[in-house]
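# Structural features, examined
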Amino acid sequence: MNIKAQKGTKDILPSEITNWQFIEDCAKKVFNKANFKEIRTPIFEDTNLFERGVGDTTDIVNKEMYTFTKSDRSLTLRPENTAGVVRAYLEHNFFRESPPIKFWYFGPMFRYERPQAGRQRQFHQIGVEMFGVQDASADVECIMLAVEFLKTLGLNDLTVEINSLGCNTCRKEFKDELKKAIAPFKDKLCEDCQNRYEKNPLRILDCKNEACNKLFEENNLRNKVSGIKLCPECSEHYNKLKLYLDALNIKYIENPYLVRGLDYYTKTVFEIKSNNLGSQNAVCGGGRYDGLVETLGGEKTPAVGWAMGVERLNSLIQPIEDKKLDYYVVSDNQLEAVKLTKKLREHGLSAEFDYNSRKFAKQLEKASKIAKKALILGEEEIKNNFITVKDLNTFEQRKMNLQELI
RNA sequence: GCGGGCAUCGCCAAGCGGUUAAGGCCUCGGAUUGUGGUUCCGAUACGCGUGGGUUCGAAUCCCACUGCCCGCCCCA
């Protein structure tokens, strides 16, 4: 048998689990302070949820989903979690509660893509979703929370990029304008862009194809359509966001070409990028999605959220060393060693003993690697009812009784 | 889906056609029969991703396959 972990999947080993726990602990701490509640939704959902929620023009839905059929149901391993959280929000009538409703989550996501640095087929996201607030204060709350979380993780060298995609009305106008501007050289664009032209012209601006970008330049596209012309309401929303960010001293770059690949975004979109990752440099991406709840069958509900890639976060933080045990019991009397170990653990101390009752030199060698202190329990100690405590850093040794120890 | 790179012990790694495939780390045992940071000794690949081929002879050359990594696309 030679079965290996599947392409794009990874075992998270004991040696790296401390980092993961650290990230999760920070998330818990930061999000609780802001009154976000943790939610855990299923790992697979009805395929329709993602087709409608994420959008059938997106790459995620078109070519990256793990979809299978069971009992005539089409099911899909979640490629992201916003749609799932919205589904749960509706299914459990959270809209009946007084807004805002604020969730956070942490869990594995699945996308069938070619793995590379910072990208796996099974990866983990931490995210937040916030429902019921129309004001830009919610956008700010989310961005602020992301920045605070990253700071708690010890990550500072990051750039926040923002943009506004407008609402459906101003976006429609922009799309038309964009299509008109592109029409003359449309046929020369890459295949992807030709498809985007009809389905989702906004994404053309985001094209990484050199030939396309050259065409944009030749035709002066970026001057002709400098960005979405926001309607007064969207414009005010965006300005308010910037005002808040300035007031909070959160530095950001306005990137008019930040479009994002999921269909549900409206108004605010943002990304947080690092210079210390490979080419997959976004650690956080999110925005407002005022239309999604309605798309999935609820009342029109304003909402904002973001997600972070945990593997990418992890690659930015220093490896954290395993904590050492409080005690390692060194003894040639296994019975006494187990009994002592049990007592220590009952008192909340971490401890282990030598299962093979090897010679003291070996036991101490092991002890010095995995524990802070060794408890020596030899013939003499047992006879006279004391324990020799040895500090494995300083080599200091002294006699103690059990009561002093625990 | 399209490019590029790499595959030798648990880990790092030498080897570039010719006897028994260096070395380091880790692990285990011993010197030290009840005391670990140093030192010394010993053990651990009949095997060089898999399958073919070339050759008197291949880890070393050729072909195919597989796996991993990196990049494009897209995204976290």
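What counts as what
- Residues numbered from 1 in each chain as written.
- Chains lettered and ligands numbered in written order.
- Predicted model: local features only at pLDDT ≥ 70, side-chain atom pairs only at ≥ 80, totals over all residues.
- Heavy atoms only, no water.
- Helix = DSSP H or I, 4+ residues; strand = E, 2+ residues; numbered from the N terminus.
- Expected span 1.5 Å × (residues − 1).
- Buried < 20%, exposed > 50% of the residue type's maximum accessible area, 1.4 Å probe, protein only.
- Arc of directions from axis to C-beta.
- Contact = heavy atoms within 4.5 Å.
- Domains from an automatic or database assignment.
- Salt bridge = Lys/Arg side-chain N within 4 Å of Asp/Glu carboxyl O.
- Pairing = 2+ DSSP bridges.
- Axes fitted to C-alpha atoms, helices over the stretch in contact; angles between N-to-C directions.
- Parallel < 35°, antiparallel > 145°, perpendicular 65-115°, else oblique.
- Left-handed = near helix turned anticlockwise from the far one by under 90°.
- Nonpolar A, V, L, I, M, F, W, Y, C, P; charged D, E, K, R; others polar.

Quick look at helix α13 (residues 334–346) now. Residue pairs spaced three or four apart in an α-helix point in one direction, given the helix's 3.6 residues per turn. Compared with an ideal rise of 1.5 Å per residue, which puts 13 residues at 18 Å, α13 spans 18 Å between its outermost C-alpha atoms and is within 8% of the ideal. By the burial criterion, the buried members of α13 are Ala337, Leu340, Thr341 and Leu344. Angularly, the buried residues of α13 cover 105° about the axis, an arc narrow enough to put them on a single face. Projecting away from the buried face of α13 at angles above 90 degrees are the exposed residues Leu335, Lys342 and Glu346. The inward-facing, buried residues of α13 contact β12 (325–331), β13 (351–353), β14 (371–377), β15 (387–391) and α16 (402–405). Just past α13, the residue Gly348 takes up positive phi, approximately 85°.

Another aspect to go through is the domain arrangement of chain A. Interfaces are often sized by the accessible area lost when the parts come together. The domain architecture assigned to chain A consists of domain 1 (14–166 + 230–316) and domain 2 (325–405). Inter-centroid distance (C-alpha atoms) of domain 1 to domain 2 is 49 Å.

Moving on, we come to the pattern of salt bridges. The full count for this structure, using the stated rule, is 22 salt bridges. Each of the salt bridges in this network shares a partner with another, and the network as a whole consists of Glu45, Arg87 and Glu91.

With that settled, the discussion passes to the sheet that holds strand β1 (residues 37–38). One open sheet accounts for eight strands, arranged β1-β5-β6-β11-β10-β9-β7-β8; its pairing is mixed. One side of each edge strand has no neighbouring strand; the edge strands of this open sheet are β1 and β8 (253–254). Where strand β7 (residues 158–164) meets β8, two bridges bridge the pair, whose relative direction is parallel. Bridged to Glu161 within β8 is Ile253. The sheet strands contacting helix α4 (residues 82–91) are β5 (101–110) and β6 (122–131), and the helix crosses β6 at an angle near 45°.

Close contact between helix α1 (residues 14–33) and helix α5 (residues 136–152) brings their axes to 9 Å; oriented N to C, the two are set at 140°. Relative to α5, the element α1 lies oblique. In terms of crossing hand, the pair formed by α1 and α5 is right-handed. Note on element contacts: α5 touches α1 through Leu145, Glu148, Phe149 and Thr152, opposite Phe22, Ile23, Cys26, Ala27, Lys29, Val30, Phe31 and Lys33. A breakdown of the residues in the contact of α1 with α5 according to their chemical character gives eight nonpolar, one polar and three charged.

Our focus in this paragraph is unusual backbone geometry. Residue Pro100 is reached from Pro99 by a cis peptide bond, and omega for that bond is 5°. Positive phi, normally seen in glycine, also occurs at Ser71, with a value near 50°. Along the chain, Ser71 turns up in the loop between β3 (66–70) and β4 (73–77). Take Ser71: its relative accessible area is 67%, and that puts it in the exposed class. Backbone geometry places Lys267, a non-glycine residue, at a positive phi of 50°. Structurally, Lys267 can be placed in strand β9 (residues 266–274).

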